[in-house]
Amino acid sequence: MKKLKACIAGMGFVGAVHAEALHRTGAAELIAVADPAKAAQKAEKCGAPRGYDDALEMIERERPDVLHICTPNRSHYELARFALEKGIHVLCEKPLCSSSDQARQLCELAEERRLRCGLNLSFRYNPQIMQMRSLISQGKLGRLFSVHGSYLQDWLLYDTDYSWRLETDFPGETRAVADIGSHWMDLCQFVSGQKITAVMAEFSTFHRQRKKPLHGSETFCAANGAAREWQEVPVGTEDCALLMFRFESGLVGSCTLSQAFAGRKNQLLLSVAGSESSLCWDSDCGNRLWWGRRDGYNQEIEKAPELLEEPARRVTGYPGGHAEGFADTFKQGFLDFYGSLTKDANAAGCYAGLEDGLRLLQLCESAALSAREHRWVELP
């Protein structure tokens, strides 16, 4: 079978992770990357034969089988649409685009061209997340009562911390909700098997003015007053969001999101409570899953293939005692997405598609509307 060819648009932090994962999986040959800054050097560093300053030019010239979109949010729609019109499958970092209207257009285009468009929500591919999903689907928790959790970071704690993600024309209506909340909302629906039907939100912006370095700032690289030249700019998106949810079948939930929580670098916490038992997963110790009971001993499930359910074993790359990490979830996600293209029977079949991307955009838009109008907002 002819090997698939892939290109990557955007070679910042996450683009480099995509390149590494492609090499590790062997699912496709990385033939080119695009980035407006030092494209040739970045191509050489990540093992791609060619580098382009312009992503559209790369797509036109290379005509890959799959385009990976790892650029800032505002360019996702243009690149995805251009690729789909050229008959190219797409794997996009979230968000899929800037609005649910744009997402609907991509859904129609992909269906018309019979192409796949996946959203890279890599948390799905942690083995213990798959274990949670499997145990819940088997009814091991009983009737589901509630879902709770948080996603906390501290990289925007100070007013000297800056990133393109703070600029309103990049992320859209929300920041913390769209940037990290989308991962949490996807996971709570993924593991519970139930969709969120309504949301109530409260947003807080701790730094209404931030110091923007005049010479640019990379995501996750705090300025902390080190920049010699900067300007104060207004910030219109939230540093923190408190969310409440209603699900199908009476399930309820809540979540705290913050990018200004000192000491938490990138912690996602997800708890699901049922009538018989509960489960809790903490990304800071992501190879373990806590299982709680009222009338028996609590249990901590180790990540060991022989102890996990079949769906979790499929996304486990190493034996027990050998930790699975951040980059491994990308590897497993890519195997799943590319497996869907080659009809690989071993693929997990759990990658997020266009309908998932549309749903997450609707959730972000509904949360923003709720925060503005201080009311519950029903989803379409």
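In this text, all values refer to a predicted model and were calculated from it rather than measured experimentally.

Q: What is the right way to look at the sheet that holds strand β3 (residues 50-52) in this model?
A: Paired through backbone hydrogen bonds, the strands of a sheet run either parallel or antiparallel to each other. On the basis of which strands lie adjacent, the open sheet formed by six strands has the order β3-β2-β1-β4-β5-β6 and parallel pairing. The strands lining the two open edges of the sheet, one partner per strand, are β3 and β6 (117-120). Strand-to-strand, the axes of this sheet are offset by a mean angle of 25 degrees, without reference to chain direction. Packing of helix α3 (residues 55-62) onto the sheet brings it into contact with β1 (4-9), β2 (28-34), β3 and β4 (66-69), and relative to β2 it is tilted by some 140 degrees.

Q: Looking at this structure, how should I read the sheet that holds strand β8 (residues 196-204)?
A: Taken in spatial order, the nine strands make up an open sheet running β16-β15-β14-β13-β7-β12-β11-β8-β17, and their pairing is mixed. The open sheet terminates on both sides in strands that have one partner only, identified here as β16 (299-302) and β17 (377-378). The pairing of strand β15 (residues 288-292) with β16 spans four bridges and is classified as antiparallel. Bridge pairing in β16 places L289 opposite I301.

Q: Please clarify how the packing of helix α5 (residues 100-113) against helix α10 (residues 354-373) should be interpreted in this entry.
A: A pair of packed helices can be characterised by two numbers: the angle between their axes and the separation between those axes. Axis separation between α5 and α10 bottoms out at 9 Å; the angle between their running directions is 170 degrees. It follows that α5 is roughly antiparallel to α10 by the angle criterion. Side by side, α5 and α10 meet where S100, A103, R104, L106, C107 and A110 of the first sit next to L354, E355, L358, L361, Q362 and E365 of the second.

Q: So what exactly am I meant to see when it comes to the pattern of salt bridges here?
A: Following the criterion strictly, the structure yields 27 salt bridges and no others. D35 is the partner of K42 in a salt bridge, and the nearest nitrogen-oxygen pair spans 3.0 Å. For K42, a relative accessible area of 25% puts it in the partly exposed group. Taken together, the salt bridges that share partners define one network made up of E60, R63 and K86.

Q: Would you explain the environment of H76 in this entry?
A: Here H76 lies in helix α4 (residues 76-85). Between the C-alpha atom of H76 and that of A9, which follows or precedes it by 67 residues, the distance is 9.7 Å. When sequence neighbours within four positions are dropped, the list of residues in contact with H76 reads I69, T71, C92, E93, K94, P95, L96 and C97. Of the polar contacts made by the side chain of H76, one reaches the backbone oxygen of T71; its length is 2.7 Å.

Q: Help me understand α3, please; the structure alone is not making it clear to me.
A: Note that an α-helix has 3.6 residues per turn; residues three or four places apart therefore point the same way. Taken together, the buried positions of α3 are occupied by A55, M58, I59 and E62. Down the axis of α3, the smallest arc covering the buried residues is 95 degrees, so these residues share one side. One side-chain oxygen at the N-terminal end of α3 lies 3.1 Å from the backbone nitrogen of L56; it belongs to D54.

Q: What is the right way to read the side chain of Q131 from this model?
A: Mapped onto the secondary structure, Q131 falls in helix α6 (residues 127-137). With a relative accessible area of 2%, Q131 lands in the buried category. Ignoring anything within four residues of it in the chain, the contact list for Q131 reads L289, I301, L307, L308, E309 and A312.

Q: Hey, could you run me through the side chain of S277 in this one?
A: Within the secondary structure layout, S277 lies in the loop between β13 (267-274) and β14 (278-282). Take S277: its relative accessible area is 6%, and that puts it in the buried class. Separated by 3.2 Å, the side chain of S277 and the backbone oxygen of K140 make a polar contact. When residues no more than four places from it in sequence are discounted, the contact partners of S277 are K140, L141, V272, W291, G292 and R293.

Q: Looking at this structure, how should I read α5?
A: Compared with an ideal rise of 1.5 Å per residue, which puts 14 residues at 20 Å, α5 spans 20 Å between its outermost C-alpha atoms and is within 8% of the ideal. Packed against the buried residues of α5 are α4 and α10. Backbone geometry just after α5 places R114 at a positive phi near 55 degrees.

Q: What is the right way to read the nonpolar core from this model?
A: Looking at soluble globular proteins, one finds that nonpolar side chains tend to be buried together. With 83 residues, the main nonpolar core has L67, L96, M132, W184, M185, F245 and L270 as its most contacted residues. In terms of residue count, helix α7 (residues 176-192) provides more of this core than any other element does, nine residues in total. Ignoring anything within four residues of it in the chain, the contact list for M185 reads V177, I196, F245, L360, L363 and C364. Counting residues in hydrophobic clusters, the runner-up holds 24 residues, among them I8, V17, A19 and C46.

Q: What is the right way to look at the packing of α4 against α5 in this model?
A: It is the contact of α4 with α5, at a shortest axis distance of 10 Å, that shows an interaxial angle of 15 degrees. When the interaxial angle is binned, α4 and α5 end up roughly parallel. Along this stretch, α4 crosses α5, giving a crossing that reads as left-handed. Contacts between α4 and α5 involve Y77, A80, R81, L84 and E85 from the former and Q102, Q105, L106, L109, A110 and R113 from the latter. Across the contact of α4 with α5, the residue classes break down as six nonpolar, two polar and three charged.

Q: Where do I start with the state of the cysteines in this structure?
A: Working definition: the covalent bond between the sulfur atoms of two cysteines is a disulfide. Here the structure, examined in full by the defined rule, presents zero disulfides. This cysteine, C92, is not joined by any disulfide, and C117 carries the nearest cysteine sulfur, 6.5 Å off. Taking relative accessible area as the criterion, C92 reaches 0% and is therefore assigned buried. Between C285, a free cysteine, and C280, which holds the nearest cysteine sulfur, the sulfur-to-sulfur gap is 8.2 Å.

Thresholds, definitions, all that
- Residues numbered from 1 in each chain as written.
- Predicted model: local features only at pLDDT ≥ 70, side-chain atom pairs only at ≥ 80, totals over all residues.
- Heavy atoms only, no water.
- Pairing = 2+ DSSP bridges.
- Helix = DSSP H or I, 4+ residues; strand = E, 2+ residues; numbered from the N terminus.
- Axes fitted to C-alpha atoms, helices over the stretch in contact; angles between N-to-C directions.
- Contact = heavy atoms within 4.5 Å.
- Parallel < 35°, antiparallel > 145°, perpendicular 65-115°, else oblique.
- Salt bridge = Lys/Arg side-chain N within 4 Å of Asp/Glu carboxyl O.
- Buried < 20%, exposed > 50% of the residue type's maximum accessible area, 1.4 Å probe, protein only.
- Polar contact = N/O pair within 3.5 Å; in protein donor to acceptor, adjacent residues only side chain to side chain.
- Arc of directions from axis to C-beta.
- Expected span 1.5 Å × (residues − 1).
- Core = buried A, V, L, I, M, F, W, Y, C linked by side-chain atoms within 4.5 Å.
- Left-handed = near helix turned anticlockwise from the far one by under 90°.
- Nonpolar A, V, L, I, M, F, W, Y, C, P; charged D, E, K, R; others polar.
- Disulfide = S-S within 2.5 Å.

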